[in-house]
Amino acid sequence: MKTMTKGAAALPLNTIISGDCIEAMNALPAESVDLIFADPPYNLQLRGDLHRPDNSKVDAVDDAWDQFSSFAVYDKFTREWLKAARRLLKPNGAIWVIGSYHNIFRVGAALQDAGFWILNDVVWRKSNPMPNFRGKRFTNAHETMIWAGKDENSKYTFNYEALKALNEGIQMRSDWVLPICTGHERLKDEMGDKAHPTQKPESLLHRILVGSTNPGDVVLDPFFGTGTTGAVAKMLGRDFIGIEREEAYRKVAEKRIKSVRKFDKEALQTTTSKRAEPRVPFGQLVERGMLRPGEELYSLNGRYSAKVRADGTLVGNEVKGSIHQVGAAYEKAPSCNGWTYWCYKKDGKRVPIDILRQQIRAEMAN
């Protein structure tokens, strides 16, 4: 991995680009990125120092990169980087933007004005938020992420089954309870201080990249900071492009990512939806001799049977049609998944015909 100048014309995979994010994005090829994760300045509008009850000073975000003279200036900056980002996304690309109440509503409006199509807003609820020391407002215990497709017709990536598996078989909700970055994950500079005031936890990026990208996809982070996006992308077998203007952050990110090990190919595989698997017609089982015309199939509940015909349909008890149609007719149901309904006999035992379909799918994958 190396730092490149902002004028690079080719797609600099697994590289941190030095320079202004808008100029750097405009210098990259159009429609070359699958996903963008953006953690832009929040424009916190802090007024004076913040102290704990013991009068110790809170290490808040007071860096120059988070300071804008007005909302109008911040809005102009937001519109410009979003325009550059949208140009880079492939037609089916998507973007995640994270923010706080200070900026996320302004960013959301700008996203829609720029032509993005909002898919979800996701609340990251922090399991260990910083207390509100002044006691005059609610504790800020969450940040909001907006997930949006490049436009309304984008066929964006959403690995529903993989996210469900991450959540112990339960559909992933839009409120994520994850801790903030602390302990061993919190990067420190040479003085032992925080390397970055708003370093995001790897768990957050892990969930985003597993859920909305595939191995080999290109992920761009225009506000790269200390490189959480790049580190997680590398681990998960995705390519990344980072853009960061602050030299101190780039140095930390380069050192961090260099030490990251990519997971092996088998570990990168995730649970996929049945709909995403290759389609196998039942007739193919007959063509290949895995089932023979005239062979008897039996319902899983043992109540019904039907014979296989040469064209891949079934016939039995004055009912004929596909494996789905005959199963539905027998059960007097509006529909039926014939693959899980029918079994064939092997060595005197009933075996679901779906086993044969999976054999063919396995061959197709090799």
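You'll find the structure just up there.
Residues numbered from 1 in each chain as written. Predicted model: local features only at pLDDT ≥ 70, side-chain atom pairs only at ≥ 80, totals over all residues. Heavy atoms only, no water.

Trainee: Before we go on, may I ask you to explain the overall build of the protein in this structure?
Mentor: Scanning the protein from terminus to terminus reveals 12 helices and 15 strands. When each of the 366 residues of the protein is scored for burial, the buried share is 43%. Pairs at least 24 apart in sequence give 66% of the contacts found in the protein among residues at least 6 apart. With an accessible surface of roughly 19,900 Å², the protein has 50% of that area assigned to carbon and sulfur atoms. (Helix = DSSP H or I, 4+ residues; strand = E, 2+ residues; numbered from the N terminus. Buried < 20%, exposed > 50% of the residue type's maximum accessible area, 1.4 Å probe, protein only. Contact = heavy atoms within 4.5 Å. Areas by Shrake-Rupley, 256 points an atom, 1.4 Å probe, with all protein chains shown as cover.)

Trainee: In this structure, what is going on with the nonpolar core? I would like to understand it.
Mentor: Most often, soluble globular proteins keep nonpolar side chains buried together rather than apart. Grouped together as the largest cluster of nonpolar side chains are 34 residues, with contacts concentrated most on W96, M145, W176, L204, I208 and L209. Ranked by residues supplied to this core, first place goes to helix 5 (residues 202–212) with 5 residues. I22, L28, F77 and L220 belong to the second-largest nonpolar core, a separate cluster that totals 31 residues. (Core = buried A, V, L, I, M, F, W, Y, C linked by side-chain atoms within 4.5 Å.)

Trainee: Explanation requested: the pairing of strand 8 (residues 218–221) in the structure shown.
Mentor: Side-chain direction in a regular strand flips from residue to residue, so the side chains alternate between the two faces of the sheet. Taking every second residue as pointing to the same face, both faces of strand 8 are buried, with V218 and L220 on one and V219 and D221 on the other. Two strands pair when backbone bridges link them, and strand 3 (residues 33–38) and strand 8 are joined in this way by 2 bridges, in the parallel orientation. Pairing of L35 across the sheet is with V219, part of strand 8. Bridge count between strand 8 and strand 9 (residues 239–244): 4 bridges; the pairing is parallel. Bridge pairing links V218 to D239 in strand 9. Regarding the hand of the β-α-β motif, the stretch spanning strand 8, helix 6 (residues 228–235) and strand 9 is right-handed. (Pairing = 2+ DSSP bridges. Right-handed = clockwise from strand over helix to strand, strands pointing away.)

Trainee: Would you mind going over the environment of A306 with me for this structure?
Mentor: By secondary structure assignment, the location of A306 is in strand 11 (residues 305–308). A sequence separation of 12 residues divides A306 from G294, and the C-alpha atoms of the two residues are 9.0 Å apart. For A306, the residues in contact, after removing those within four places along its chain, are E295, E296, L297, L314, V315, V326, Y330 and W342.

Trainee: How should the pattern of salt bridges be read in this particular structure?
Mentor: It is possible for side chains of opposite charge to pair when their charged atoms get near one another. Within this structure, the stated rule accounts for 13 salt bridges. Residue E246 pairs with R245 through a salt bridge whose shortest N-O separation is 3.3 Å. Classification of E246 by relative accessible area gives partly exposed; the value is 29%. Measuring nitrogen to oxygen at the nearest pair gives 3.1 Å for the salt bridge that ties E331 to R303. Within this pair, whereas E331 is found in helix 10 (residues 323–331), its partner R303 is found in the loop between strand 10 (296–299) and strand 11, the two being separated by 28 residues in sequence. When its relative accessible area of 27% is taken as the criterion, E331 is described as partly exposed. (Salt bridge = Lys/Arg side-chain N within 4 Å of Asp/Glu carboxyl O.)

Trainee: How should helix 5 be read in this particular structure?
Mentor: Counting buried positions over the 11 residues of helix 5 gives 8, a clear majority of the element. Those residues of helix 5 lying buried are L204, L205, R207, I208, L209, V210, G211 and S212.

Trainee: I keep staring at the pairing of strand 7 (residues 175–178) and nothing clicks. Help me out?
Mentor: Only one face of strand 7 is covered, namely the one carrying W176 and L178; the face carrying D175 and V177 has none of its residues buried. Strand direction decides the pairing type here: strand 5 (residues 117–126) and strand 7, joined by 4 bridges, are parallel. In the sheet register, R125 faces strand 7, and the bridge partner there is V177.

Trainee: For this particular structure, what's the right way to read the packing of aromatic side chains?
Mentor: Any aromatic ring pair is given by two values, namely how distant the centres are and how the planes are angled relative to each other. If you walk through the whole model with that rule in mind, you get 13 aromatic pairs. On the numbers, 6.0 Å between centres and 65° between planes, the contact of F282 with W339 is edge-to-face. A residue pair is termed long-range when its members are at least 10 positions apart, and F282 in helix 9 (residues 282–287) and W339 in helix 11 (residues 338–341) qualify at 57 residues. Comparing F282 with W339, the two get one shared label, buried. Members of the aromatic cluster, joined through ring pairs, are W96, W147, Y156, F158, Y160 and W176. In this arrangement the basic side chain of R207 is found over the ring face of W176, its NZ or CZ atom lying 5.0 Å from the centre. (Phe/Tyr/Trp six-rings, centres within 6.5 Å; stacked < 30°, edge-to-face > 60°. Lys NZ or Arg CZ within 6 Å of the ring centre and 35° of its normal.)

Trainee: Sorry if this is basic, but what is going on with the sheet that holds strand 12 (residues 314–316) here?
Mentor: Read across the sheet, 6 strands follow the order 13-12-11-10-14-15 without closing on themselves; strand pairing throughout is antiparallel. The open sheet has two edge strands with one neighbour each: strand 13 (319–321) and strand 15 (349–352). With direction set aside, neighbouring strand axes in the sheet form an average angle of 35°. Pairing of strand 10 with strand 14 (residues 342–346), which is carried by 2 bridges, proceeds in the antiparallel orientation. Looking at strand 14, one finds that S299 is bridged to W342. The sheet contacts of helix 10 involve strand 11, strand 12, strand 13 and strand 14, and relative to strand 13 the element is tilted by about 150°. (Axes fitted to C-alpha atoms, helices over the stretch in contact; angles between N-to-C directions.)

Trainee: It is not clear to me how the packing of helix 5 against helix 6 should be interpreted in this structure. Could you clarify?
Mentor: In helix packing, the relevant descriptors are the interaxial angle and the interaxial distance, both defined with respect to the helix axes. Axis separation between helix 5 and helix 6 bottoms out at 9 Å; the angle between their running directions is 55°. Here helix 5 lies oblique to helix 6, going by the angle between them. The way helix 5 lies across helix 6 gives a crossing that is right-handed. Across from E202, L205, H206 and L209 in helix 5, the residues of helix 6 making contact are T228, T229, A231, V232, A233 and M235. Looking at the contact of helix 5 with helix 6 residue by residue, the classes come out as 6 nonpolar, 3 polar and 1 charged. (Parallel < 35°, antiparallel > 145°, perpendicular 65-115°, else oblique. Left-handed = near helix turned anticlockwise from the far one by under 90°. Nonpolar A, V, L, I, M, F, W, Y, C, P; charged D, E, K, R; others polar.)

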